Amino acid sequence: MCICCSINLAAQERVPSVTGLVRNASGTPLPFVTINALASDKISHQTTSDTLGKFKFDQLPAGNLTVEVSSVGYTSQTLTGYKIVNGQTISMLVDMQPAPGSLEEVVVVGYGNQKKVNLTGSISTVAGVELANKPVGQTSTALQGIVPGLTIMQRTGQPGFDGGVIRIRGIGTLGDPNPLIILDGVESDINNIEPNDIESITVLKDASSAAIYGARAANGVILITTKRGNKRGVAVNYNSYVGIQSPTSLPDVVNALDHMELTNEASVNVGNSPIFSPQVVADYKANAAGNPDKYPDTDWQDLTLKKNAMMQSHYIGINAGGERVKMMGSFSYLDQDGIMPNVNFKRYNVRFNTDIQLNRQFSGTLDLSLRRTDIKQPPSGAPYIFQFLRSNNATNQAILSNGLYGEGNNGENPLARAAIGGLYHEQNLMALLNLSVKYKPANFFWAEVNYAPRYSDPRVKIFSHIIQMYKSDFSKGLAIPGINSLSEQFSRSWYNNLRATVNFDKEVAPNHRLTVLAGVQQEDQSDSYISAYRQVFTFPDYQVINSGNQLNQSNAGSATSWALRSAFGRLNYNYKEKYLFEANARYDGSSRFAAGNKYAFFPSVSAGWRISKEAFMDNPSSAIKDLKLRGSWGQLGNQNIGLYPYVSSVSVGSSNYPFDKTVFGGAAISNMANKDIQWETSTVSNIGLDLNLWSKLTITADYYYRKTTGILLQLPIPGMLGLSAPYQNAGVVENRGWDVSVNYRNRAGAFTYGVTLALSDVKNKILDMRGSRTTGLLVNFEGSPIGAIYGYEAIGYFTDASDVSENATQFGKVAAGDIKYKDLNGDKVINSSDQKTIGSTIPRYSYSAHVDLGYKGFDFSLFLQGVGKADGYMGGRGIMPFWQGGTALEIHKDRWTPTHKDAAFPRLAYSEINNIQNSSFWVKNAAYMRVKNIQLGYSFKNVGFKKIQQVRLFVSAQNLITFDKYWDGYDVEAPVTTEYGSAGWYPQMKVITAGLNINF
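Residues numbered from 1 in each chain as written. Predicted model: local features only at pLDDT ≥ 70, side-chain atom pairs only at ≥ 80, totals over all residues. Heavy atoms only, no water.

### Considering the overall build of the chain
Looking only at helices and strands, the chain has 10 helices and 52 strands in total. Relative to its length of 1000 residues, the chain is compact, with a C-alpha radius of gyration of 32 Å against a globular reference of 30 Å. Referenced to the eigenvectors of the C-alpha coordinate spread, the extents of the chain come out at roughly 105 × 70 × 65 Å. The burial tally for the chain puts 50% of its 1000 residues in the buried class. A separation threshold of at least 6 residues defines the contact pool for the chain, and within that pool the share at least 24 residues apart is 68%. Here the chain displays about 43800 Å² of accessible surface, and carbon together with sulfur accounts for 56% of that area. Across the chain, the mean location of the 91 positive side-chain charges is 7 Å away from that of the 82 negative side-chain charges. (Helix = DSSP H or I, 4+ residues; strand = E, 2+ residues; numbered from the N terminus. Rg over C-alpha atoms; globule rule 2.2 N^0.38 Å. Buried < 20%, exposed > 50% of the residue type's maximum accessible area, 1.4 Å probe, protein only. Contact = heavy atoms within 4.5 Å. Areas by Shrake-Rupley, 256 points an atom, 1.4 Å probe, with all protein chains shown as cover. Lys, Arg positive; Asp, Glu negative; His and termini not counted. Charge placed at Lys NZ, Arg CZ, Asp CG, Glu CD.)

### Quick look at the pairing of strand 30 (residues 548–575)
The pairing of strand 29 (residues 512–537) with strand 30 spans 24 bridges and is classified as antiparallel. When the bridges of strand 30 are listed, Glu 523 appears paired with Leu 564. Here 12 bridges tie strand 30 to strand 31 (residues 579–590), and the two strands are oriented antiparallel to one another. Bridging across to strand 31, Ser 566 finds its partner in Asp 588. Hairpin remark: strand 30 followed by strand 31, antiparallel, with three residues in the connecting loop; positive phi at Lys 576, about 60 degrees. (Pairing = 2+ DSSP bridges.)

### Notes on the sheet that holds strand 17 (residues 221–226)
Strand order across the open sheet formed by five strands is 11-16-17-14-15, with mixed pairing between neighbours. Every interior strand has two partners, whereas the edge strands, strand 11 (123–127) and strand 15 (186–187), have only one. The sheet contact formed by strand 14 (residues 180–183) and strand 17 spans four bridges and is parallel. Directly across from Leu 180, in strand 17, lies its bridge partner Val 221.

### Here we look at the pairing of strand 18 (residues 233–247)
For strand 18 and strand 19 (residues 309–321), the ladder comprises 13 bridges, and the chain directions are antiparallel. Its bridge partner lying in strand 19, Asn 239 is registered against Tyr 315.

### Let's talk about the nonpolar core
Formed by 35 residues in total, the largest nonpolar core has its most connected members in Tyr 873, Ile 879, Trp 922 and Trp 967. Look past the residues within four positions of Trp 922 in its chain and what remains in contact with it is Ile 819, Gly 872, Tyr 873, Met 874, Ile 879, Met 880, Phe 905, Asn 915, Gln 917 and Trp 967. Core analysis: the second largest hydrophobic core is formed by 26 residues, Trp 300, Leu 305, Met 340 and Ile 467 among them. (Core = buried A, V, L, I, M, F, W, Y, C linked by side-chain atoms within 4.5 Å.)

### Regarding unusual backbone geometry
The omega torsion of the bond from Ile 480 to Pro 481 falls at -15 degrees, within 30 degrees of zero and hence cis. Look at Asn 410: it is not a glycine, yet its phi comes out positive at around 55 degrees. Residue position: Asn 410 is located in the loop between helix 7 (382–389) and helix 8 (414–420). Assessed through its relative accessible area of 70%, Asn 410 is described here as exposed. In this structure, Asn 552 takes a positive phi of about 70 degrees despite not being glycine.

### Regarding the environment of Ser 591
Of note, Ser 591 is situated in the loop between strand 31 and strand 32 (599–610). Judged by its relative accessible area of 17%, Ser 591 is buried. As a C-alpha pair, Ser 591 and Arg 565 span 26 residues in sequence and 8.8 Å in three-dimensional space. Apart from residues lying up to four places away in sequence, Ser 591 is in contact with Trp 562, Ala 563, Lys 598, Leu 643, Tyr 644 and Tyr 646. In terms of polar contacts, Ser 591 uses its side chain to reach the backbone amide nitrogen of Ala 563, at 2.9 Å. (Polar contact = N/O pair within 3.5 Å; in protein donor to acceptor, adjacent residues only side chain to side chain.)

### Structural notes on the layout of surface pockets
A probe matching the size of a water molecule, rolled over the atoms, marks out where space remains unfilled. Put simply, the second largest pocket is a space of about 890 Å³. Ser 188, Asp 189, Asn 192, Arg 454 and Ser 456 are, among the 32 residues lining the second largest pocket, the residues nearest its centre. Contributions of two or more residues to the lining of the second largest pocket are made by strand 22 (362–377), strand 23 (422–442), strand 25 (454–464), strand 28 (485–509), strand 29 and strand 30. Split into classes, the residues belonging to the lining of the second largest pocket amount to eight nonpolar, 15 polar and nine charged. (1 Å grid on protein atoms, 1.4 Å probe; cavity = no way out; pocket = protein on both sides within 12 Å on 5 of 7 lines; lining within 4 Å. Points joined across faces, edges and corners; volume = space filled by probe spheres on them. Nonpolar A, V, L, I, M, F, W, Y, C, P; charged D, E, K, R; others polar.)

### Let's talk about the side chain of Gln 639
Mapped onto the fold, Gln 639 is located in the loop between strand 33 (624–638) and strand 34 (650–659). Of note is the side chain of Gln 639, whose polar atom sits 3.0 Å from the side chain of Ser 590. Discounting chain neighbours no more than four positions away, the residues touching Gln 639 are Ala 215, Arg 216, Trp 562, Leu 564, Ser 590, Arg 592 and Trp 679.

### What to know about the confidence of the model for the chain
Keep in mind that low pLDDT regions are not for reading the predicted coordinates in detail. Put simply, the chain has an average pLDDT of 90, and 94% of its residues get 70 or more. In this model, residues 1–15 is a region of pLDDT below 50 whose contacts with residues beyond four sequence positions or in other chains number 32 contacts. (pLDDT = per-residue confidence, 0-100.)

### Topic: the pattern of salt bridges
For the coordinates displayed, the defined rule picks out 38 salt bridges. Ionic pairing is found between Lys 205 and Asp 739, a salt bridge with its closest N-O pair at 3.5 Å. Placement of the pair is Lys 205 in the loop between strand 16 (198–204) and helix 3 (207–210) and Asp 739 in strand 38 (residues 727–748), with a sequence separation of 534 residues. Judged by its relative accessible area of 2%, Asp 739 is buried. In this structure, Glu 734 and Arg 736 form a salt bridge, with 3.4 Å as the shortest nitrogen-oxygen distance. (Salt bridge = Lys/Arg side-chain N within 4 Å of Asp/Glu carboxyl O.)

Spelled out as structure tokens, the structure:
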């Protein structure tokens, strides 16, 4: 924001007046801009700029004057520090900056930036201010729902592990589908960046925008730009919030008496005797209140989990600059506690971004980023604790009246494991240095060299204590585990990124502008890993490897490296900003492929027609301010296929051979090689429309088709070879879909309002796997989407014995009230041949709505996010009663009985297998709408301290309410699995925060 004001003082015998001129960033006068003159924080006069951008106030009252300047599509400005005196005339020159999303906005693209109105690719941008005040532990989750076509699923709320799973326009590969993240020109992790440091985020969704990143862009690209210094002297801002976290959902486990009753019913239902005798039940009822040690009624979740957990974030940023040197420095701290003992996440970020203007031709940047994270959890992992919290029955003792820990379920006491079982402690220190030198001999030509090394040093320390447990009479019981142990793991990663680019940008003839970018890049990374393990620590508080017993000790180590060498270029041409053309190309060579297949070429072309610039659209009163058609085609690569899949790997020490009565360690080839494998290639077509009406309503719509070929598969080979199958370029996957965003912004006097809507859809299908198919709950085979849910089709319950005998043979001892499966092939036997696709894990119809309102110092925002069509699956300990000896949930009381046949769950059957098969019965509608964030703030502009420009107080709620039809007690984004993960899922958090922003 640049504001230039000049004050002309002259002794005149007339009333004071204020005149001014409003311009855009290029100096063109702006008409119809709203200008408010404020006195005592109230609007005393209001006017608008004329067709020449000029405005004037007459007869303003004497005293302090504040002027507010606002226009749709531009960032509002507040001018303060003026004093109206009789006989004085004030003249103002106001330069307005385009607001994010406006036609005049300049957005970041690959290796540069472009005026948004001239873009021909499918690109979405997010301003950093949209992320800064969201109470989330990971930056990726702050993006959820904001960008159409960008799907983010948060599968867990565990601190440190609660980052979102990011997908751009579906899943295009059977391998690694994660997008490429570029932070200030360097590949990075999106969760490595502090949200307050972000200036903008650009999502490259189609091939024309992403092809310049070639071999790594098949899954889309996300560009993150951090804030930089400016020329306004010194400014300091402090942002903080403190919040309380609580689970969005938790399943209710039955109490002791209900457990006994339901267990007996399940045992009798399968022809066995009751497990709990009538006397035991009677004793429980009579003595539970007076003797909880012998007759426990344990609420495992209530004992182990906290009702609330604290979360706090603090950020301080310093922005300073002069004519030659500009600097932005920041420090941030995040502390996110868990709802379980010994669960915590801390993050420390330090950043210095420096811009130096050496002389008229030479300039440079020097950026330094340091990040430290600390993750803590019980040594067995928080998911392991959760599975037993939800499956341990209430008759098992957690903690005795004297404070000793009970034996739980045969030694599985999740409370003891979480509280005193030891600690998993993961630390990571990351440093990134980003250096650049720029030479600009002319305004239309410049060259730049960048070097960016990155160092990462993660380490993990896991110590498991022996937990002594006790019986109800306080005598010693089991000790779990039998011995204590320590495991330490050390990793080190060094990454180099060297890049050189040249740029040409000039109007080569009247109305003909040509922009050319060319560059080369070299990247390489080396990683090393070493670990050590020992048992039996006599002094368990002295947790170092040498303190453990040398018997049964072990160690391991490995090292890997890879390199990528590239040349790339881009050509842009536009005529009168009406006819637009862009071509991108990248030539990549990767060490991951054999000689002859290392290099590949990835091109793209796109074009745009701004119909609104045509003569027949030249009507100043027209509602259409901009109308553009876009089209693109291109190819992208995916090198995330493992490091060296084209060679056979040798396992050293994996085989033992006896020679002369002595056993020697040996080495063996473990897999077949295929030196002919090549890049996975995605071919993407996109057509889009951009429309701006009345300079207030913006609509962007895109339709795309993506086909990925050459996907690496391990096709079946004869088992007699004794080796694992080689990789082959055999798979083909397609994605087709669309995304739409609508934005409307306006104001009525001091009241401002805006609404942003986003909606997207994607259909995914595997076209070719050479006839091969995977097995299990989540499968991949031709004609299905990637990760399809596979199982039997449930068609209700068996009604009686004749219904059982007349239908196909099922699993185990089947009776009335059990799930009935459809006999798809008609052979009267239910087996694997009767399985089918019963759901998809890829969400469809992702949508969001963002409403923001402002009135004087007040601001309010509401953000809704959801999915219109999705399938979820719960199994195992998570939802099935008495799974592997577990217990039941409150929702299982709605079970089938002869008098209650219209039940939510089948009959209770202890140790029977029919009802626990993978089937559509356990598939649930996972569509939802969530009040993702709601925030109310108030800004104080005159706080009585001269150096404080603004103070903002706000309250915020994250994940406040969720509307869904999913399983009771489970968040709708819970992971799909039949293993203990269904019960071991760490719930998402609802967060209520209060925050403070201060600008100095």
